[in-house]
Each structure stands twice: as C-alpha cells, then as structure tokens.
Amino acid sequence: MDARGYGALRPYVVQATLEELTGPVEGVIMLPRHLDWGPERRYHLDQIADARLLYIRVIRESHS
C-alpha cells in the first residue's frame, strides 16, 4: 500500500461549504445493497448512532 495510506488512494468529493450539504435530517433511510450488504439496512436519522453509521458506510463504500 502507498505510504500515504488508503485515504490518499481513494477519490473523495467534498463540498466547499456546509451550506452546500442537502438532504433529509429526519426519517428512515434504507441503503442499497452495494452500500450496505447487512441484514438491516435501515437507518433512523433522528438517532445519532444510526446517522453516524449511515454516513460512515456511505462515505466508505461509495465510488465517485
């Protein structure tokens, strides 16, 4: 592996400002199989642990 680490090898798209971030802030999101292959793919955005895990999986598994 490159000395810079895995994060340097995988492309990421990052918004320039927080105002550019949009999307739901409440409710339930079900991830598609290519992002979450586990038995329970539903995440409740009003539960901080679920929201955090959702974003971790989306960032880790998505491809730009």
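Structural notes, computed from the coordinates.

Conventions adopted
- Residues numbered from 1 in each chain as written.
- Predicted model: local features only at pLDDT ≥ 70, side-chain atom pairs only at ≥ 80, totals over all residues.
- Heavy atoms only, no water.
- Helix = DSSP H or I, 4+ residues; strand = E, 2+ residues; numbered from the N terminus.
- Contact = heavy atoms within 4.5 Å.
- Areas by Shrake-Rupley, 256 points an atom, 1.4 Å probe, with all protein chains shown as cover.
- Expected span 1.5 Å × (residues − 1).
- Buried < 20%, exposed > 50% of the residue type's maximum accessible area, 1.4 Å probe, protein only.
- Arc of directions from axis to C-beta.
- Salt bridge = Lys/Arg side-chain N within 4 Å of Asp/Glu carboxyl O.

## Examining the overall build of the protein chain
Looking only at helices and strands, the protein chain has two helices and two strands in total. Each helix (α) and strand (β) of the protein chain, taken in turn from the N terminus, gives the series α-β-β-α. In the protein chain, 29% of the contacts between residues at least 6 apart in sequence involve partners at least 24 apart. Accessible surface, the protein chain: about 5400 Å² in total, of which carbon and sulfur atoms supply 59%.

## Things to note about helix α2 (residues 48–61)
Between its first and last C-alpha atoms α2 spans 20 Å; for 14 residues at 1.5 Å apiece the expected length is 20 Å, and the two agree. Turning to α2, its buried residues number three or more, namely Asp 50, Ala 51, Leu 54 and Glu 61. All buried residues of α2 lie within an arc of 125° about the axis, which places them on one face of the element. Opposite the packed face of α2, turned more than 90 degrees from it, sit the exposed residues Ile 48, Ala 49, Arg 52 and Ile 59. As for α2, its buried residues are in contact with β1 (28–30) and β2 (42–44).

## Notes on the pattern of salt bridges
Counted according to the given criterion, the structure contains two salt bridges. A salt bridge links Asp 36 to Arg 57; its shortest N-O distance comes to 3.3 Å. Of this pair, Asp 36 sits in the loop between β1 and β2 while Arg 57 is found in helix α2, placing the two residues 21 residues apart along the sequence. Exposure remark for Asp 36: the relative accessible area of 4% places this residue in the buried category. When the shortest N-O distance is used, the salt bridge between Arg 60 and Glu 61 registers 2.7 Å. Note on Arg 60: relative accessible area 39%, which makes it partly exposed. A relative accessible area of 17% means that Glu 61 is categorised as buried.

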